[in-house]
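So the chains spell out like this:
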Amino acid sequence: MTSNNYLLARSFSLTDALMGNRIGIQHKDLGEQWPAVVVFHFLRIRQAILAIRIILDEDLYGPSIVLLRYTFELAVNLRYLQLDIVDRLPKYLEHSGILESVEEYSDIGQQVQLLNEQADYVGLSKLLIPGSSWEKLRKMCEEIGCLDHYFTMYRSSSELAHSGAHGLGVEILELMGRQPMPDYEPPGILVSALVYYSWVVEIACETLPYLSRDIGLNDDWEREFNLLQSDISKAARRHEFG
């Protein structure tokens, strides 16, 4: 970590305050579809936040951007599902390969066995792994009211996430020492990921209220987080306008 990046140190401190708590999941909730889906998204986004914190500590900016996109996708999916659980949840589970009956699993198992015997690993992949997303992300963002995030963070990071050359010139200047990365950008990634985490946490606590006692989001934390967001925005404006 850049030694003089006070903003990044503050973002680490706030992240550690949340991620240090042990989260207890009651096993009975994993037997019901909606609570299980909520827990799945909640645990995945916690893992992503921890990963971003670790790799930013190693000055790995690019991979952190990819993980930020991932946290956004997790949060958008869950918020979109929550708007119409009855209609959307079965479609989401079916797309993900979560079947409703033993007979369906038996049929899939027979197909898997046959493809393995034929060494048809391409066919196996097509059978078990969805070929596309279950719903277009832009459509979901439009419905839940976060198109601003889609058109800024998400689209701007697309080339990097898909191994494109966008940003090559900037990175070359950084490597040459002629245009160092602004101090506000790395903490901005972690702060943005924590915003998406808060979206998931809100739904998780509504669905499983007992989680709220362990998550650690309280008035003091939110006050410090809002102050950090404000300081990052001020630093960005100073950099932009000199």
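Residues numbered from 1 in each chain as written. Predicted model: local features only at pLDDT ≥ 70, side-chain atom pairs only at ≥ 80, totals over all residues. Heavy atoms only, no water.

Turning our attention to the overall build of the protein. When helices and strands are counted, the protein shows 13 helices and 0 strands. Walking the protein from its N terminus toward its C terminus, one meets helices and strands in the order α-α-α-α-α-α-α-α-α-α-α-α-α. Here the protein holds 242 residues, and the buried ones make up 36% of them. Counting only contacts in the protein whose residues sit at least 6 apart along the sequence, the fraction spanning at least 24 positions is 76%. Of the accessible surface of the protein, which amounts to about 14,200 Å², a share of 53% is contributed by carbon and sulfur atoms. (Helix = DSSP H or I, 4+ residues; strand = E, 2+ residues; numbered from the N terminus. Buried < 20%, exposed > 50% of the residue type's maximum accessible area, 1.4 Å probe, protein only. Contact = heavy atoms within 4.5 Å. Areas by Shrake-Rupley, 256 points an atom, 1.4 Å probe, with all protein chains shown as cover.)

Between helix α2 (residues 33–56) and helix α3 (residues 61–83), the shortest axis-to-axis distance is 9 Å and the interhelical angle comes to 160°. With respect to each other, α2 and α3 are oriented roughly antiparallel. As for the relative orientation of α2 and α3, their crossing is left-handed in sense. Across the interface between the two elements, Trp-34, Val-37, Val-38, His-41, Arg-44, Ile-45, Ala-48, Ile-49, Ala-51, Ile-52, Ile-55 and Leu-56 of α2 pack against Pro-63, Ser-64, Leu-67, Leu-68, Tyr-70, Thr-71, Leu-74, Asn-77, Leu-78, Leu-81 and Gln-82 of α3. (Axes fitted to C-alpha atoms, helices over the stretch in contact; angles between N-to-C directions. Parallel < 35°, antiparallel > 145°, perpendicular 65-115°, else oblique. Left-handed = near helix turned anticlockwise from the far one by under 90°.)

With that out of the way, let us pick up the packing of aromatic side chains. This model, assessed by the stated rule, comprises 10 aromatic pairs. For the pair Tyr-92 and Trp-134, a centre-to-centre distance of 5.1 Å together with 75° between the ring planes defines the contact as edge-to-face. Of this pair, Tyr-92 sits in helix α4 (residues 85–95) while Trp-134 is found in the loop between α6 (121–128) and α7 (137–144), placing the two residues 42 residues apart along the sequence. Where Tyr-150 meets Tyr-154, the ring centres are 5.6 Å apart and the plane angle is 20°; that geometry is what we call stacked. Of this pair, Tyr-150 and Tyr-154 both sit in helix α8 (residues 147–156), 4 residues apart, which is roughly one turn of that helix. Accessibility classification places Tyr-150 together with Tyr-154 in one group, the buried group. Taken together, the ring pairs connect Phe-72, Tyr-150, Phe-151, Tyr-154, Tyr-196 and Trp-199 into an aromatic cluster. A cation over a ring is seen here: Arg-69 above Tyr-154, with NZ or CZ 3.9 Å from the ring centre. Of note, Arg-88 hangs over the ring of Tyr-80, and the distance from its end group to the ring centre comes to 3.7 Å. (Phe/Tyr/Trp six-rings, centres within 6.5 Å; stacked < 30°, edge-to-face > 60°. Lys NZ or Arg CZ within 6 Å of the ring centre and 35° of its normal.)

Here we come to the pattern of salt bridges. Tallied over the full model, the rule gives 8 salt bridges. The closest approach of N and O atoms between Asp-231 and Arg-10, which form a salt bridge, is 2.8 Å. Of this pair, Asp-231 sits in helix α13 (residues 219–241) while Arg-10 sits in helix α1 (residues 6–19), and the two are 221 residues apart along the sequence. Just as Asp-231 is buried, Arg-10 falls in that class too. Arg-88 is paired through a salt bridge with Glu-143; the nearest N and O atoms lie 2.6 Å apart. Residue Arg-88 is found in helix α4, and its partner Glu-143 is found in helix α7; the two are separated by 55 residues along the sequence. With relative accessibility at 40%, the residue Glu-143 sits in the partly exposed group. (Salt bridge = Lys/Arg side-chain N within 4 Å of Asp/Glu carboxyl O.)

Take the environment of Val-200 next. Inspection of the secondary structure puts Val-200 in helix α11 (residues 185–207). Judged by relative accessible area, which is 0%, Val-200 ranks as buried. Aside from chain neighbours lying at most four places away, what touches Val-200 is His-41, Phe-42, Ile-45, Ala-75 and Leu-78.

Let us now look at unusual backbone geometry. A positive phi is found at Asp-59, a non-glycine position, where the angle reads about 60°. Here Asp-59 is to be found in the loop between α2 and α3. Phi angles above zero are rare outside glycine, and Ala-119 is one such case at about 55°. One can find Ala-119 in the loop between α5 (102–117) and α6. Ala-119 sits in the partly exposed class, given a relative accessible area of 44%.

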